[in-house]
Amino acid sequence: MWFHAFYRSCVIALVFVAAATSAADLWGDTNDDDRLTKATGVLFHESQVFKGHRYYLSKPLGYPDFDTSEALCHLIGGYLVEVNDADEHRFIKSFLNTFSDISYVYTGGSDEKKEGSWVFRGSGKPVTYFDWVEGQPGSDTLANCLVYHKTTWWGMDDNVCTFSGGSSRFMCEVHVKQDSYFSKFFKLLWK
């Protein structure tokens with residue numbers, strides 16, 4: 001099953017990239033890192049680095065389902081965002097506040113296996129940080145995904161795992177290797 005979702009994601013990603021960028025510009029004489037950067041720019045909005053992680057918010061390209069979104073995060077070397085503490089939560093909320101056309105943002109948190117038992121789909125670790133909006137989490141067994149909800153100042157909501165049009169997005173989290181100040185300095189010297 002994961003293979004089908006991965007394959008479907010690859011096909012969808014290539015279609016989106018081809019529609020948004022000419023093939024010569026994207027696949028021309030560049031290395032793999034350049035191609036990944038260009039493809040990522042077509043599909044996602046990129047955050048600043050926060051504590052060794054970068055966050056990618058999907059652009060409104062009509063992602064068909066939650067599994068495909070998860071597979072697209074894997075394609076760029078990450079996973080659906082796993083919010084671990086209040087600092088990370090504040091950083092993500094600040095990033096989300098720079099966009100006006102979003103209602104919901106899907107994260108990697110889910111209680112689909114056991115109602116009320118929240119785990120991250122990517123790592124399998126329990127979700128330990130919550131900022132629930134009033135009345136959440138609900139007891140609806142069809143609402144199994146942890147999402148950020150804009151109308152509640154990006155509080156967390158227990159929602160269905162089905163995207164509802166262009167105002168629903170998802171967020172990936174990618175661990176990034178940060179250069180030390182010394183390596184940045186030497187790179188500048190040798191340019």
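Small disclaimer: the values here were computed from a predicted structure and weren't measured.

1. Brief notes about the pattern of salt bridges
Pairs may arise between side chains of opposite charge once their charged atoms sit close together.
Part 1 of the argument: According to the stated counting rule, one finds seven salt bridges in the structure shown.
Part 2 of the argument: Between Asp101 and Arg169 there is a salt bridge whose closest N-O contact spans 2.9 Å. A residue pair is termed long-range when its members are at least 10 positions apart, and Asp101 in the loop between helix H5 (86-96) and strand S4 (104-110) and Arg169 in strand S8 (residues 168-175) qualify at 68 residues.
Part 3 of the argument: Take Asp101: its relative accessible area is 44%, and that puts it in the partly exposed class.
Part 4 of the argument: By relative accessible area, Arg169 is classed as buried at 1%.
Part 5 of the argument: Each of Asp67, Glu70, Glu112 and Arg121 takes part in salt bridges that share partners, so that together they form one network.

2. Digging into the side chain of Thr107
Part 1 of the argument: Along the polypeptide, Thr107 turns up in strand S4.
Part 2 of the argument: Polar side-chain contacts of Thr107 include one of 3.2 Å to the backbone nitrogen of Gly109.
Part 3 of the argument: A distance of 2.7 Å separates a polar side-chain atom of Thr107 from the backbone oxygen of Leu146.
Part 4 of the argument: Beyond its immediate sequence surroundings of up to four residues, Thr107 is in contact with Phe66, Leu80, Val81, Leu146 and Tyr148.

3. Examining the packing of aromatic side chains
Part 1 of the argument: Tallied over the full model, the rule gives eight aromatic pairs.
Part 2 of the argument: With 6.0 Å between their ring centres and 70° between their planes, Phe44 and Tyr56 make a pair best called edge-to-face. In this pair, Phe44 is assigned in strand S1 (residues 44-50) and Tyr56 in strand S2 (residues 53-58), connecting sequence segments 12 residues apart.
Part 3 of the argument: An angle of 70° between the planes, with centres 6.5 Å apart, marks the rings of Trp118 and Phe130 as edge-to-face. Placement of Trp118 in the loop between S4 and strand S5 (119-120) and of Phe130 in the loop between S5 and strand S6 (143-149) is noted, with a sequence separation of 12 residues between them.
Part 4 of the argument: Take Trp118: its relative accessible area is 6%, and that puts it in the buried class.
Part 5 of the argument: Using a relative accessible area of 28% as the deciding quantity, one classes Phe130 as partly exposed.

4. Quick look at the nonpolar core
Part 1 of the argument: Core analysis: the biggest nonpolar cluster contains 21 residues, and Leu57, Ile92, Leu96, Val105, Tyr148 and Met171 have the highest contact counts within it.
Part 2 of the argument: If you list the elements that add at least two residues to this core, you get S2, H5 and S6.
Part 3 of the argument: Per-element tally for this core: the top contributor is H5, with four residues.
Part 4 of the argument: Those residues in contact with Leu57, other than ones at most four positions away along the chain, are Leu43, Phe44, His45, Phe95, Leu96, Phe99, Ile102, Val105, Arg169, Phe170 and Met171.
Part 5 of the argument: The next biggest cluster of nonpolar side chains, apart from the first, holds 15 residues, and it includes Leu43, Cys145, Phe163 and Val174.

Cut-offs applied
- Residues numbered from 1 in each chain as written.
- Predicted model: local features only at pLDDT ≥ 70, side-chain atom pairs only at ≥ 80, totals over all residues.
- Heavy atoms only, no water.
- Salt bridge = Lys/Arg side-chain N within 4 Å of Asp/Glu carboxyl O.
- Helix = DSSP H or I, 4+ residues; strand = E, 2+ residues; numbered from the N terminus.
- Buried < 20%, exposed > 50% of the residue type's maximum accessible area, 1.4 Å probe, protein only.
- Polar contact = N/O pair within 3.5 Å; in protein donor to acceptor, adjacent residues only side chain to side chain.
- Contact = heavy atoms within 4.5 Å.
- Phe/Tyr/Trp six-rings, centres within 6.5 Å; stacked < 30°, edge-to-face > 60°.
- Core = buried A, V, L, I, M, F, W, Y, C linked by side-chain atoms within 4.5 Å.

By themselves, these observations are geometric and do not establish any function.
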